[in-house]
Amino acid sequence: KELPTVLLIHQMDGHEGAWTILPLMRDFSVTYGRNSSWIFFCEEDTRIQVVKLLETLGRFDGSKEWFLGKALYDEESTIIHHYAFAENPTVFKFPDFAAGWALSIPLVNKLAKKLKSEPLKSDFTIDLKHEIALYVWQKGEGPHLTPVPEFCTDDVNSYNVDRCATTFSNFLPLCGEPLKKEDVFVAVKTCQKFHGDRIPVVKQTWEREAALIEYYSDYADISIPTIDLGIPNTDRGHCGKTFAILERFLNHSSPRTPWLVIVDDDTLISIFRLRKLLSCYDPNEPVFLGERYGYGLGTGGYSYITGGGGMVFSRIAVQKLLASKCRCYSMDAPDDMVLGMCFSGLGIPITHSPLFHQARPMDYPKDYLSHQIPVSFHKHWNIDPVKVYFTWLAPNTEESFNGKKVGYNREDL
């Protein structure tokens, strides 16, 4: 009857944690609690058939508490979800945001009321879709996610599409010509104890995609070669090393190189895809890009880019950071969190891309990864990292490797 009201969450800037959605429930309740039936959430690449969506929602009694979505679940318990439901992780369902998900207004009102009396306690926001499902579920007292087959992540051209109220464009964003190789400087953080096992993986996989790459360590090894920044290795945190890398990028790389990527020595990344993705960002703006996490967002905390998936900086962002007085409070402080705190204080937004991943492919639901063209994964635990790279990240999954064609089945991983 009337067009839907469309809200863009990044414009609801009264909340640093607006992207975590739960802090907005009270606003939603006050503004829409009397004259709307549903709030439907989606991503910017979700395509919606509005009439079909209204028909689908019309099957449910809007006076009751409903949590609707396309259901994902963990096949095995994973560190991302703090090993929740370790006995049988498949029992707990959470929504795939790409397909869209919906809350009935009675449930929105209930959540808003609960948030008023019991503010959010979680320190960290790591996987929002899982954490929202946990919050709505309320340890069994609230609704479970109800799977809705019309909420789809099929491509618009899929043969299944007639039944879908939503579809999802499965593509890597490209907003112009991909960047030139020389536009991206890659900094790899390593240390002497990993020179023998992790660096060879980088050299066998993605190093060839990078025109400008340096390895930073606590020991200068000319065979790699690594650069000793004069910062002793720490078991965790690495803040001192990361700030030394930022200083070096600003003072020793060509000022014509607009982008810096900092990765761990056990990060698997597609520089080829990153060059496409970066065509969508203005290097003359302060940009800090990667997989976004949150710390203390219910109580005035900050967002940050988690380091393992790769942290991408425009040169201007590095300049603004180093011109400020914001620095590590200790050499082994968590570098990604300190950077988040600094950029938050400078008013520079944290830019999220779901294509960067802090964990391994097996740590995510297959259905979730099936509509992604990923840029990175992280960690070598119990996997063959070379196989993971050529399966998920190589410019062509049938890569010529040591003179042989290599093709892997993603289902194996």
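- The protein is annotated in an unreviewed UniProt entry as B3GLT glucosyltransferase of Grus americana.
- UniProt lists a comment for the protein under the heading Sequence similarities (unreviewed entry), and it reads "Belongs to the glycosyltransferase 31 family."

1. Things to note about the packing of aromatic side chains
Argument step 1. Taken as a whole and assessed by the stated rule, the structure comprises 21 aromatic pairs.
Argument step 2. With 5.9 Å between their ring centres and 65 degrees between their planes, F28 and F41 make a pair best called edge-to-face. Of this pair, F28 sits in helix 1 (residues 25-32) while F41 is found in strand 1 (residues 38-41), placing the two residues 13 residues apart along the sequence. Across the pair, exposure class does not vary: F28 and F41 are buried alike.
Argument step 3. Pairing F67 with W101 gives two aromatic rings, centres 6.0 Å apart and planes at 80 degrees, and the pair type is edge-to-face. Taken together, the residues span a long stretch of sequence, with F67 in strand 3 (residues 67-69) and W101 in strand 6 (residues 101-104) at a distance of 34 residues.

2. Brief notes about the sheet that holds strand 18 (residues 311-314)
Argument step 1. The strand order across the open sheet formed by 7 strands is 12-11-10-13-18-15-19, and the pairing between neighbours is mixed. Each having just a single partner strand, strand 12 (226-228) and strand 19 (350-352) make up the two edges of the open sheet. Averaged over all neighbouring strand pairs, the angle between strand axes comes to 25 degrees, with direction disregarded.
Argument step 2. Sheet topology note: the strand 13 (residues 259-264)/strand 18 ladder contains 4 bridges and is antiparallel. By the bridge assignment, I262 is partnered in strand 18 with M311.
Argument step 3. Across the sheet, helix 6 (residues 239-252) lies against strand 10 (184-189), strand 11 (212-217), strand 12, strand 13 and strand 18, angled at about 155 degrees from strand 13, the strand it touches most.

3. As for the UniProt feature "domain: Fringe-like glycosyltransferase" (unreviewed entry) in the protein
Argument step 1. UniProt tags residues 32-115 and 178-388 as "domain: Fringe-like glycosyltransferase" (unreviewed entry).
Argument step 2. Across residues 32-115, helical content stands at 25% and strand content at 21%; the span's end C-alpha atoms are separated by 17 Å.
Argument step 3. In residues 178-388, helix accounts for 26% and strand for 21%; the two terminal C-alpha atoms are 24 Å from one another.

4. Points about the nonpolar core
Argument step 1. With 78 residues, the main nonpolar core has M25, F28, F67, L103, I132, W206 and L274 as its most contacted residues.
Argument step 2. When residues are assigned to domains, this core turns out to be shared by domain 1 (9-168) and domain 2 (181-393), each giving three or more.
Argument step 3. Beyond its immediate stretch of four places on either side in the chain, W206 contacts V186, V188, I213, V263, T267, L268, I269, I271 and Y389.
Argument step 4. L246, I305, V318 and L322 belong to the second-largest nonpolar core, a separate cluster that totals 25 residues.

5. Some thoughts on helix 3 (residues 105-117)
Owing to its 3.6 residues per turn, the α-helix brings residues three or four apart onto one side.
Argument step 1. A rise of 1.5 Å per residue sets the reference length of helix 3, with its 13 residues, at 18 Å; its end C-alpha atoms lie 19 Å apart and thus fit the reference within 8%.
Argument step 2. I105, L107, V108, L111, A112 and L115 are the residues of helix 3 that are buried. Taken around the axis of helix 3, the buried residues stretch over an arc of 155 degrees, which confines them to a single face. For helix 3, the exposed residues lying more than 90 degrees away from the buried face are K113 and S117.

6. Topic: the pairing of strand 6
Argument step 1. With burial as the criterion, each face of strand 6 is covered, one bearing W101 and L103 and the other bearing A102 and S104.
Argument step 2. Note: strand 1 against strand 6, 4 bridges, orientation antiparallel. What sits directly across from W38, in strand 6, is S104.
Argument step 3. Here strand 3 pairs with strand 6 via 3 bridges, running antiparallel. Bridge assignment links G69 to a residue of strand 6, and that residue is W101.

7. Structural notes on helix 11 (residues 385-392)
Argument step 1. The buried count for helix 11 comes to 7 of 8 residues, which makes it a mostly enclosed element.
Argument step 2. Buried residues of helix 11: P385, V386, V388, Y389, F390, T391 and W392, and no others.
Argument step 3. Capping of helix 11 at its N-terminal end is provided by D384; its side-chain oxygen lies 3.1 Å from the backbone amide nitrogen of V386.

8. Here we look at the environment of A210
Argument step 1. Its place among the elements puts A210 in the loop between helix 5 (199-204) and strand 11.
Argument step 2. Overall, A210 belongs to the buried group, its relative accessible area being 12%.
Argument step 3. Residues A210 and F272 lie 62 residues apart in sequence; the distance between their C-alpha atoms is 8.3 Å.

Cut-off values and rules
- Residues numbered from 1 in each chain as written.
- Predicted model: local features only at pLDDT ≥ 70, side-chain atom pairs only at ≥ 80, totals over all residues.
- Heavy atoms only, no water.
- UniProt positions renumbered as here; feature names shortened; annotations may be inferred.
- Phe/Tyr/Trp six-rings, centres within 6.5 Å; stacked < 30°, edge-to-face > 60°.
- Helix = DSSP H or I, 4+ residues; strand = E, 2+ residues; numbered from the N terminus.
- Buried < 20%, exposed > 50% of the residue type's maximum accessible area, 1.4 Å probe, protein only.
- Pairing = 2+ DSSP bridges.
- Axes fitted to C-alpha atoms, helices over the stretch in contact; angles between N-to-C directions.
- Contact = heavy atoms within 4.5 Å.
- Core = buried A, V, L, I, M, F, W, Y, C linked by side-chain atoms within 4.5 Å.
- Domains from an automatic or database assignment.
- Expected span 1.5 Å × (residues − 1).
- Arc of directions from axis to C-beta.
- Polar contact = N/O pair within 3.5 Å; in protein donor to acceptor, adjacent residues only side chain to side chain.

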